Amino acid sequence: MDRHTTMISRVSVFKLFSGILLLIGLSFTAQAQSRSFPARYQGTWKGTLEIWNENTRMDSFPVVFKLLPIAANKYTYYMAYENPKMPLTKFYQLQVVDSIKGHYLLDEGQNLLLPQQEIGGCLFGQIENVGNYISNVLRPEGDALIFELTVAAFPGKIPDDKVRKVPVKQLQRARMLRVKE
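From a predicted model like this one, the values you see are computed outputs, not experimental measurements. (Residues numbered from 1 in each chain as written. Predicted model: local features only at pLDDT ≥ 70, side-chain atom pairs only at ≥ 80, totals over all residues. Heavy atoms only, no water.)

J.: Honestly, the overall build of the protein chain in this entry has me stumped. Any pointers?
T.: A count of helical and extended segments in the protein chain gives one helix and 10 strands. Each helix and strand of the protein chain, ordered N terminal to C terminal, gives the series α-β-β-β-β-β-β-β-β-β-β. With 181 residues in all, the protein chain has 31% of them scored as buried. Within the protein chain, counting contacts between residues at least 6 apart in sequence, those at least 24 apart form 34% of the total. For the protein chain, the exposed area adds up to about 12,100 Å²; of that, 59% sits on carbon and sulfur atoms. (Helix = DSSP H or I, 4+ residues; strand = E, 2+ residues; numbered from the N terminus. Buried < 20%, exposed > 50% of the residue type's maximum accessible area, 1.4 Å probe, protein only. Contact = heavy atoms within 4.5 Å. Areas by Shrake-Rupley, 256 points an atom, 1.4 Å probe, with all protein chains shown as cover.)

See below:
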């Protein structure tokens, strides 16, 4: 191999290696940006919660959501339902289990820890409670934060086709905007 060919080969290898490093760097940047939880969600948010049973809006009232750091890897997760008929305030703690994998626990107190999973910048949770399947999601939408909770009833027995049909019977949805403090 002559000197000119060797130099071209080295430049090609350098460009290839630089390209690979650039792709790896972009991959880590994309992962870091997708990990916007909980930083993107921190603060106080206000909006209106709508409660739907099947296709009928049953109620609507103001709601306040707060996600604030209280310790390393721990956040207050506060939801105030300002329903004039039945006001309710829920105090939870959100614990970071593994921020890289997006694993969290929502501590409702009395040893009730609900697993939460951050995927694609959204926080998901699912539980079964007394024959009901409850699913929740907290997700950004533009400048807003959307909270959705669905309730579906499991049938009493598993059908012959072994597929449990679980129709959603209730939706709770709030579109909240950040409160400037």
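J.: Would you mind showing me how to read the packing of aromatic side chains here?
T.: Given two aromatic rings, their pairing is described by the distance between the two centres and the angle made by the two planes. One pass over the structure, following the stated rule, counts four aromatic pairs. Measuring from ring centre to ring centre gives 4.9 Å for Phe65 and Tyr77, while their planes differ by 75 degrees; the resulting arrangement is edge-to-face. You can see Phe65 sitting in strand β2 (residues 56-71) and its partner Tyr77 sitting in strand β3 (residues 74-81), a full 12 residues away along the chain. For the pair Phe65 and Tyr77, one class covers both residues: buried. Clustering of aromatic rings is evident, with ring pairs tying together Phe65, Tyr77 and Tyr92. (Phe/Tyr/Trp six-rings, centres within 6.5 Å; stacked < 30°, edge-to-face > 60°.)

J.: Is there a simple way to think about the pattern of salt bridges in this case?
T.: Following the criterion strictly, the structure yields five salt bridges and no others. For Glu148, the salt bridge goes to Arg139, with nearest N and O atoms at 3.6 Å. You can call Glu148 buried: its relative accessible area is 17%. Residues joined in a network through salt bridges with shared partners are Arg139, Glu141, Glu148 and Arg173. (Salt bridge = Lys/Arg side-chain N within 4 Å of Asp/Glu carboxyl O.)

J.: For this particular structure, what's the right way to read the pairing of strand β4 (residues 88-98)?
T.: On a regular strand, one side chain projects to one face of the sheet and the next to the other, so that they alternate. The pairing of β3 with β4 spans eight bridges and is antiparallel. Considered in β4, the bridge of Lys74 is made with Gln95. In this antiparallel pair of consecutive strands, β3 and β4, the connection spans six residues. Bridge analysis of β4 against strand β5 (residues 103-107) gives five bridges, and the strand direction is antiparallel. Bridge assignment links Gln95 to a residue of β5, and that residue is Leu105. Counted along the chain from β4 to the antiparallel partner β5, the turn is four residues long, and its residue Gly102 has a positive phi close to 80 degrees. (Pairing = 2+ DSSP bridges.)

J.: What's the story with the confidence of the model for the protein chain in this structure? I'm lost.
T.: Where the model shows low pLDDT, its predicted coordinates should not be examined in detail. Overall, the prediction assigns the protein chain a mean pLDDT of 82, with 80% of residues at 70 or greater. Put simply, helix α1 (residues 3-34) is where the protein chain has its lowest mean pLDDT, 41, and strand β1 (residues 43-53) is where it has its highest, 97. Note on residues 4-34: pLDDT is under 50 here. Beyond four places in sequence and across chains, it has three contacts. (pLDDT = per-residue confidence, 0-100.)

J.: Help me out: how do you make sense of the nonpolar core in this one?
T.: Soluble, globular proteins show a tendency: their nonpolar side chains are buried together. Of all hydrophobic cores here, the largest spans 28 residues; its most connected members are Phe65, Tyr77, Leu138, Phe147 and Met176. At the level of secondary structure, the elements contributing two or more residues to this core comprise β1, β2, β3, β4, β5, β8 (132-141), β9 (144-153) and β10 (168-178). Ignoring any residue separated from it by four or fewer positions in sequence, one finds Met176 in contact with Trp45, Lys46, Gly47, Val63, Phe65, Leu138, Asp143, Ala144, Leu145 and Phe147. (Core = buried A, V, L, I, M, F, W, Y, C linked by side-chain atoms within 4.5 Å.)

J.: So what exactly am I meant to see when it comes to the environment of Ala152 here?
T.: Residue position: Ala152 is located in strand β9. Note: C-alpha distance between Ala152 and Gly131 (21 residues apart in sequence) is 8.6 Å. Beyond its immediate sequence surroundings of up to four residues, Ala152 is in contact with Gly131, Asn132, Tyr133, Val166, Pro167, Val168 and Lys169.

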